[in-house]
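Structural characterization, general
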Amino acid sequence: MTCKTPEATPDKRDLILTASHELSAISTCLAAISGDLIMNPKSPRRLPDATGLALEWLSAEIERRCALIDEELS
């Protein structure tokens, strides 16, 4: 028995695409923060490099999932 994936209505497609674009913007912010943490060793509020690398990974994972969503809806 196979499950049939329901088709997204135009309204739902727009909502999903908007959410994907908003997540992508969040990912861009995370990438900027991680870059600053990794590349700015003189920052007064410096966190461990592992934090910057974790944020960088999180940013990349969000972008990957947004790309999958966008590809599926295209």
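Residues numbered from 1 in each chain as written. Predicted model: local features only at pLDDT ≥ 70, side-chain atom pairs only at ≥ 80, totals over all residues. Heavy atoms only, no water.

1. Observations concerning the pattern of salt bridges
The tally for this structure, following the rule as stated, stands at two salt bridges. Across the pair glutamate 61 and arginine 64 runs a salt bridge, and its minimum N-O distance is 3.0 Å. In this pair, glutamate 61 and arginine 64 both sit in helix H2 (residues 49-73), three residues apart, roughly one turn of the helix. Owing to a relative accessible area of 18%, glutamate 61 belongs among the buried residues under this scheme. In this structure, arginine 65 engages glutamate 61 in a salt bridge whose closest nitrogen and oxygen atoms are separated by 2.6 Å. Taken as a pair, arginine 65 and glutamate 61 lie in helix H2 at a separation of four residues, close to a single helical turn. Here the salt bridges share partners, and the residues they tie into one network are Glu61, Arg64 and Arg65. (Salt bridge = Lys/Arg side-chain N within 4 Å of Asp/Glu carboxyl O. Helix = DSSP H or I, 4+ residues; strand = E, 2+ residues; numbered from the N terminus. Buried < 20%, exposed > 50% of the residue type's maximum accessible area, 1.4 Å probe, protein only.)

Keep in mind that these numbers describe shape and distance, not what the molecule does.
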